[in-house]
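Spelled out, the chains give:
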Amino acid sequence: MWTWILAAMLVGCGPATKRLSDDEFDHYYALRVFMNEDQKKTYLKMKTREERDTYLKENGLWDRFYQYDEAKREMILTEAPARGWTKDMLYMSLGAPYDQGRLVGRKAARSQRLVYRFEQQEDGSVLVWQQGSKTEYKAVRLFTREYIVDDDVITEINEETTSW
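Residues numbered from 1 in each chain as written. Predicted model: local features only at pLDDT ≥ 70, side-chain atom pairs only at ≥ 80, totals over all residues. Heavy atoms only, no water.

J.: Please clarify how the packing of aromatic side chains should be interpreted in this entry.
T.: Two aromatic rings are characterised by how far apart their centres lie and by the angle between their planes. Scanning the entire structure with this criterion turns up eight aromatic pairs. Between the aromatic rings of Tyr28 and Tyr43, the centroid separation amounts to 5.4 Å while the plane-to-plane angle is 5°, which identifies the pairing as stacked. Separated by 15 residues along the polypeptide, Tyr28 in helix H2 (residues 22-31) and Tyr43 in helix H3 (residues 37-45) bring together distant segments of the chain. The two residues Tyr28 and Tyr43 agree in class, both being buried. (Phe/Tyr/Trp six-rings, centres within 6.5 Å; stacked < 30°, edge-to-face > 60°. Helix = DSSP H or I, 4+ residues; strand = E, 2+ residues; numbered from the N terminus. Buried < 20%, exposed > 50% of the residue type's maximum accessible area, 1.4 Å probe, protein only.)

J.: Is there a simple way to think about the nonpolar core in this case?
T.: Inside soluble globular proteins, nonpolar side chains tend to come together where they are buried. Ranked by size, the top nonpolar core spans 34 residues in total, and within it Tyr43, Met92 and Tyr116 carry the most contacts. Sequence-distant contacts of Tyr43, defined by excluding residues within four places in its chain, comprise Leu20, Glu24, His27, Tyr28, Met35, Arg52, Tyr55 and Leu56. (Core = buried A, V, L, I, M, F, W, Y, C linked by side-chain atoms within 4.5 Å. Contact = heavy atoms within 4.5 Å.)

J.: Would you mind showing me how to read the pattern of salt bridges here?
T.: Pairing between side chains of opposite charge can happen when their charged atoms approach one another. Inspection of every chain in the model, using the stated rule, returns 12 salt bridges. Put simply, Glu37 and Lys40 hold a salt bridge, and the shortest N to O gap is 3.3 Å. With Glu37 and Lys40 both in helix H3, this residue pair falls three residues apart, about one helical turn. Across the pair Asp53 and Arg49 runs a salt bridge whose closest N-O atoms are separated by 3.1 Å. Taken together, the residues Asp53 and Arg49, both in helix H4 (residues 49-58) and four residues apart, mark about one turn of the helix. Classification of Asp53 as buried rests on a relative accessible area of 12%. In the salt-bridge network here, residues are joined through shared partners; they are Asp23, Arg49 and Asp53. (Salt bridge = Lys/Arg side-chain N within 4 Å of Asp/Glu carboxyl O.)

J.: Could you clarify how one ought to interpret the pairing of strand S4 (residues 141-150) in this entry?
T.: Both faces of the sheet carry side chains from a regular strand, because those side chains alternate between them. Of all 10 residues making up S4, eight are buried, and the element is well covered by its neighbours. Inspection of the sheet shows S4 paired to strand S5 (residues 153-162) by nine bridges, in the antiparallel sense. Pairing of Arg145 across the sheet is with Glu159, part of S5. Counting the residues in the hairpin turn of S4 and S5 gives two residues, including Asp151, whose phi is positive at 50°. (Pairing = 2+ DSSP bridges.)

J.: How do you make sense of the pairing of strand S2 (residues 111-120) when you look at a structure like this?
T.: Most of S2 is tucked away: eight of the 10 residues are buried. Alignment of S2 against S4, held across 10 bridges, turns out to be antiparallel. Bridge pairing in S4 links Gln120 to Arg141. The pairing of S2 with strand S3 (residues 126-128) spans three bridges and is classified as antiparallel. Residue pairing for S3: Glu119 is matched across the bridge by Leu127. Linking S2 back to S3 in an antiparallel pair, the connection comprises five residues, with Gly124 at a positive phi of about 95°.

J.: Looking at this structure, I do not really get the packing of helix H6 (residues 70-78) against helix H7 (residues 87-94). What am I missing?
T.: The description of two helices packed together rests on the angle between their axes and the distance between the axes. Look at H6 against H7: their axes get within 7 Å of each other, and the N-to-C directions meet at 50°. When the interaxial angle is binned, H6 and H7 end up oblique. In contact with Lys72, Met75 and Ile76 of H6, H7 contributes Met89, Met92 and Ser93. In terms of residue class, the contact of H6 with H7 is made up of four nonpolar, one polar and one charged. (Axes fitted to C-alpha atoms, helices over the stretch in contact; angles between N-to-C directions. Parallel < 35°, antiparallel > 145°, perpendicular 65-115°, else oblique. Nonpolar A, V, L, I, M, F, W, Y, C, P; charged D, E, K, R; others polar.)

Structural data, given as structure tokens:
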């Protein structure tokens with residue numbers, strides 16, 4: 001169901017990702033949130049898969065995705081984040097949050113509120129909202145989803161329909 005998020009985010013990836021194999025694109029898609037713009041450009045300019053994989057390993061990115069077994073990696077790429085997911089899994093699935101903040105008074109040592117904006121299209125597909133979105137005007141519903149992360153694990157998910 002969440003493959004629409006992947007499709008929506010592909011729009012911004014450009015032609016440089018066309019030379020990547022499917023599994024290379026998967027790990028690039030998941031790891032892009034941990035890369036700055038220069039790292040993304042460097043990675044995408046490399047000619048061979050071996051060079052790109054070595055680059056990810058040398059920059060400490062490879063294990064962020066491949067620490068998970070194949071089933072979890074597939075969940076990150078295709079499913080909606082759920083309770084029990086790690087913060088890294090959430091970031092790899094949806095990217096950086098629209099808004100975030102620390103929470104106090106919870107039983108966890110470290111608590112955060114991570115907010116994502118979404119737009120639901122007429123056909124039922126849901127896209128992660130992006131600043132300057134070219135599809136927002138077609139949305140039939142705009143909503144936010146708030147993920148409460150205690151000690152780097154999602155413990156609560158709250159959704160609210162909104163009009164930004």
